[in-house]
Amino acid sequence: MWWLADPQDLHRISDRISSVYVERCHIDRDDNAVALVNRERTVRVPAAMIATLLIGPGARITTAAVRLLADSGTAITWVGEKGVRLYASGIGPSRGSQLLLRQAYLVTRTKERLAVARRMYGMRFPGEDVNTLTMQQLRGREGARVKKIYRAHSARTGVPWDGRLYKPGQPFEAGDDVNRLLSAGHSCLYGICHAAIVGLGASPGLGFVHTGGATSFVLDIADLYKADYTIPLAFDLAARGLTSERDARTAFRDRVTDGKLMTRIVQDIKALLLTGGDVTDHDEHALWDEDLGSVPGGINWANDYADSLDGSSFVGVTGPDLGEPKVDF
């Protein structure tokens, strides 16, 4: 079973193909490969080499394929056309909860949460020192930066800009053409960020700047890339008279087909949450203990074996290094 497999038996997520997108195909299992079958050909992909399988419209998948992907620690996500929206997801390739616990630790402590938020803003202000700024100051600086970006692209493309408008729940129905294109493009970006977060084993809901929503962390991460991807794209499309939601989706799809965005997202999430270390993918199978932190799971703590384990089995004591023992003659 995958949860009993040693993590060394599987490829680390950093060594895998970040994502494989499949649409209008039958997805089955062929030994240890995922078989992608359509009317023209059959493609076999080693399951353990995929970080996330993105299942698009017109695709169907067998139980055998799902089991293989689960055994391989591969995330399965159901997405919109060309992977630009995430509708649902299965288990990710992360084997343990360490990244999630680290995220929860950081987000529930004011000092640590502020430090992560500053690092997020620092990514958007290259060359600026934000280490002493408050959240109010950071929000103000970010607002000024975004306004400047909008004005610059308006001047570059000749598309008029009167401010950002959108309608929650129906983002493509508010504002002028460029506003609706922005909303459509952002929706596509959110889908890719969501898939990356789920694939790494982090929580989409534990945000550092945004809070209170099921996708708060998704919004945090997506904000890092809007200036490079969706904002210039929306103004370019509006200048060419391409103003439909589909225009935004297909253009964004073409913009990210090189796979560099997904790689960048994964690297940035790790840099934000891990700072100075990495987490293991190992599933510890432990039980929480209020004094010891954790104790082994998978045993009956009422049986003789558990009763025979004394506290010294779980408590470590360290002290200063000792010199050579003194011997009296």
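Conventions and cut-offs
Residues numbered from 1 in each chain as written. Predicted model: local features only at pLDDT ≥ 70, side-chain atom pairs only at ≥ 80, totals over all residues. Heavy atoms only, no water. Pairing = 2+ DSSP bridges. Helix = DSSP H or I, 4+ residues; strand = E, 2+ residues; numbered from the N terminus. Expected span 1.5 Å × (residues − 1). Buried < 20%, exposed > 50% of the residue type's maximum accessible area, 1.4 Å probe, protein only. Contact = heavy atoms within 4.5 Å. Axes fitted to C-alpha atoms, helices over the stretch in contact; angles between N-to-C directions. pLDDT = per-residue confidence, 0-100. Core = buried A, V, L, I, M, F, W, Y, C linked by side-chain atoms within 4.5 Å.

### Some points on the pairing of strand E2 (residues 26-30)
For a regular strand, the rule is simple: side chains alternate between the two faces of the sheet.
In step 1: With 5 bridges connecting them, E2 and strand E3 (residues 33-37) associate as antiparallel partners. Residue pairing across strands places histidine 26 opposite valine 37, the latter belonging to E3.
In step 2: In sequence, E2 turns back onto E3 through a hairpin of 2 residues, with aspartate 31 there showing a positive phi of about 55°.
In step 3: As defined by bridge partners, E2 adjoins strand E6 (residues 60-61) across 2 bridges and the pair is classed as parallel. Across the sheet, residue histidine 26 finds its bridge partner in E6, namely arginine 60.

### What to know about helix H9 (residues 260-274)
Residues separated by three or four positions in an α-helix point in the same direction, a consequence of the helix having 3.6 residues per turn.
In step 1: For H9, which comprises 15 residues, the first-to-last C-alpha distance of 21 Å matches the rise-based estimate of 21 Å (1.5 Å per residue) to within 8%.
In step 2: Among all positions of H9, only Leu261, Met262, Ile265, Val266, Asp268, Ile269, Leu272, Leu273 and Leu274 are buried.
In step 3: Tucked into the core, H9 has its buried residues touching helix H2 (98-107), helix H3 (110-124), helix H5 (177-200), helix H6 (216-222) and helix H8 (245-255).

### Considerations on the sheet that holds E2
In step 1: The strand order across the open sheet built from 4 strands is E4-E3-E2-E6, with neighbouring strands paired in mixed fashion. Edge positions in the open sheet fall to strand E4 (42-46) and E6, since each of these has one partner strand only.
In step 2: Against the sheet, helix H1 (residues 63-71) makes contact with E2, E3 and E6, and its axis sits at roughly 65° relative to E2, the strand it touches most.

### Let's talk about the confidence of the model for the protein
In regions of low pLDDT, the predicted coordinates are not meant to be interpreted in detail.
In step 1: Mean pLDDT for the protein: 79, with 76% of residues reaching 70 or above.
In step 2: When the elements of the protein are averaged for pLDDT, helix H10 (residues 304-307) gives the smallest value, 54, and helix H7 (residues 230-239) the largest, 95.
In step 3: Low pLDDT (under 50) marks residues 1-11, which in the prediction has 20 contacts with non-local residues, meaning those over four places away or in another chain.
In step 4: In this model residues 311-319 is a low-confidence stretch, pLDDT under 50, and it forms 5 contacts with partners more than four residues away in sequence or in other chains.

### A closer look at the nonpolar core
In step 1: In this structure, Phe217, Ile221, Tyr225, Phe252, Leu261 and Ile265 are the most contacted members of the largest nonpolar core, which totals 48 residues.
In step 2: Looking at this core, the elements with two or more residues in it are H2, H3, helix H4 (135-157), H5, H6, H7, H8 and H9.
In step 3: When residues no more than four places from it in sequence are discounted, the contact partners of tyrosine 225 are Leu189, Cys193, Thr230, Leu261, Arg264, Ile265 and Asp268.

### Quick look at H3
In step 1: With 15 residues, H3 ought to run about 21 Å at 1.5 Å a step, and its terminal C-alpha atoms sit 21 Å apart, in line with that.
In step 2: Of the residues making up H3, those classed as buried are Val116, Ala117, Arg118, Met120, Tyr121 and Arg124.
In step 3: On its buried face, H3 is in contact with H2, H4, H6 and H9.

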